[in-house]
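Architecture at a glance
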Amino acid sequence: MAVEIIPDGAFPELFSEFVEYKRNLGYVYPKSRLYLVRRLSRFLAGQDGDERVLTRDAVEVFVRPGDGESTGSVAGRRGIVRQFALFLRWRGIEAWVLPDRLRPRQSSAFIPRIITADEMARIIACADARPASRCGPQTQPVYAMVVRLLWCCGLRIGEALSLRIGDVDLADAVITVHKAKHNRTRLVPMSESLAAYARRYVVAVGLIPEDRGAWFFPSPRGGRYNPGSVTAHIQGLMLQADVTTASGRAPRAHDLRHSYAVACLGKMQASGVDVYAALPLLATYMGHADIASAEYYLRLDPSAWGSIDQVMEGAYAGVFPNEEV
């Protein structure tokens, strides 16, 4: 059970409500951030002369860098006091809001290449038609399964290749991703078509379900595949399927993960669901530490959602994995 750090300075009820409010929105508040909340509460307890919760003078003193203090520590205090001020404003309480950053963040020109359903169907067809390697006959079904998994579940390539047989529950159609990025373990649902294909894959590769510790994607030598090698093969399949970027290169394998997220948003939009209401669940499925990462996909051009929603089935009901195309 996570250790809770109770605000013990000024306005403890407001600070406790603030933490609960942020967590209900899907934001992660680990011990390190709770320490900052308590630090701000204690700091405000030592302020006097003004009945307002957050004044400009108090905020500027709280975020003032100390001698030899790292920029990360200062940024942590700036972030927590700004978030608390915005919460107070939302509550109708007057508060001075610290500017977002000391200097504007440089905008990034990177936009992921969103793979459409038609393009993904061609990639899968090329993977299915890929001849067996002389190194091992199971390599063909492995790559066919990997591309389906990335498209249908939005896993990172390293997460997919790290799966053990025991991590893939074919009876309940659920994948357990253990201690991936940010050391987080999560459950990811599989669609009916992906689960059905996975059952056929297990037979084709000769996996033994009882050997729960064995690799789900075994290399010809029985070990774990190298992510760089698999990425190169997937990009080769993309080029073979005539799925390229504007410069004529193959998209990144990681773009299949972005495409999964956009497909989820497309499904929700088509179902008339407020996408903000489901962002915490999408962030959980994708293994984001914060829903702010999932919010990025809302900035993409909705026209990119185009034909993707035709591979989604049913209305949003809390689970929205891609279907195989």
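Residues numbered from 1 in each chain as written. Predicted model: local features only at pLDDT ≥ 70, side-chain atom pairs only at ≥ 80, totals over all residues. Heavy atoms only, no water.

Below, the discussion takes up the overall build of the protein. Along its length, the protein carries 12 helices and three strands. Relative to all contacts within the protein whose residues are 6 or more apart in sequence, the contacts with residues 24 or more apart total 64%. Element-wise, carbon and sulfur atoms account for 51% of the exposed surface of the protein, whose accessible area totals about 16700 Å². (Helix = DSSP H or I, 4+ residues; strand = E, 2+ residues; numbered from the N terminus. Contact = heavy atoms within 4.5 Å. Areas by Shrake-Rupley, 256 points an atom, 1.4 Å probe, with all protein chains shown as cover.)

The subject of this paragraph is the side chain of Ser191. Mapped onto the fold, Ser191 is located in the loop between strand 3 (186-189) and helix 8 (192-205). Of the residues examined, Ser191 reaches a relative accessible area of 3% and is grouped as buried. Side-chain polar atoms of Ser191 contact the side chain of Ser193, separated by 3.4 Å. Separated by 3.2 Å, the side chain of Ser191 and the backbone nitrogen of Leu194 make a polar contact. (Buried < 20%, exposed > 50% of the residue type's maximum accessible area, 1.4 Å probe, protein only. Polar contact = N/O pair within 3.5 Å; in protein donor to acceptor, adjacent residues only side chain to side chain.)

Moving on, we get to the packing of aromatic side chains. On inspection of all chains with the given rule, the structure shows 12 aromatic pairs. A cation over a ring is seen here: Arg148 above Tyr197, with NZ or CZ 3.8 Å from the ring centre. Here Arg164 stacks its cationic end above the ring of Trp215, 3.6 Å away from the centre of that ring. (Phe/Tyr/Trp six-rings, centres within 6.5 Å; stacked < 30°, edge-to-face > 60°. Lys NZ or Arg CZ within 6 Å of the ring centre and 35° of its normal.)

What follows covers the sheet that holds strand 2 (residues 174-177). In spatial order, the strands read 1-2-3; together these three strands make up an open sheet with antiparallel pairing. In this open sheet, the two edge strands, each paired with only one partner strand, are strand 1 (168-169) and strand 3. As judged from the four bridges shared by strand 2 and strand 3, these two strands associate in the antiparallel manner. Bridge assignment links Thr176 to a residue of strand 3, and that residue is Leu187. (Pairing = 2+ DSSP bridges.)

For the protein, per-residue confidence averages 80 on the pLDDT scale, and 80% of positions sit at 70 or higher. Of all secondary-structure elements in the protein, the lowest mean pLDDT belongs to helix 12 (residues 291-295), at 70, while strand 1 reaches the highest, 94. Across residues 103-107, confidence stays below pLDDT 50; counting only partners more than four residues off in sequence or on other chains, it has zero contacts. Taken together, the stretch residues 301-319 has pLDDT below 50 and engages in 49 contacts with residues farther than four places along the chain or on a different chain. (pLDDT = per-residue confidence, 0-100.)

As a working rule, side chains carrying opposite charge can pair if their charged atoms are close by. What the rule picks out here adds up to eight salt bridges. Where Arg56 meets Glu60, a salt bridge forms, and the shortest distance between an N and an O atom there is 2.9 Å. Within this pair, Arg56 and its partner Glu60 are both found in helix 3 (residues 56-62), separated by four residues, close to a single helical turn. Look at Arg56 and you get partly exposed, because its relative accessible area is 47%. Among the ionic pairs, Asp128 bridges to Arg148, the shortest N-O distance being 2.8 Å. Linking Asp128 in helix 5 (residues 117-128) with Arg148 in helix 6 (residues 139-153), this pair joins segments that are 20 residues apart in sequence. (Salt bridge = Lys/Arg side-chain N within 4 Å of Asp/Glu carboxyl O.)

Okay, the nonpolar core next. Ranked by internal contacts, the top residues of the largest apolar core, which has 50 residues, are Tyr201, Phe217 and Ile234. Those elements that place two or more of their residues in this core are helix 5, helix 6, helix 7 (157-161), strand 2, helix 8 and helix 9 (227-240). With 11 residues, the single largest contributor to this core is helix 6. Those residues in contact with Tyr201 that sit more than four places away from it in its chain are Pro141, Val142, Met145, Leu207, Phe216, Phe217 and Pro218. Membership of the second largest hydrophobic core comes to 29 residues, among which are Val37, Leu40, Leu44 and Ile80. (Core = buried A, V, L, I, M, F, W, Y, C linked by side-chain atoms within 4.5 Å.)

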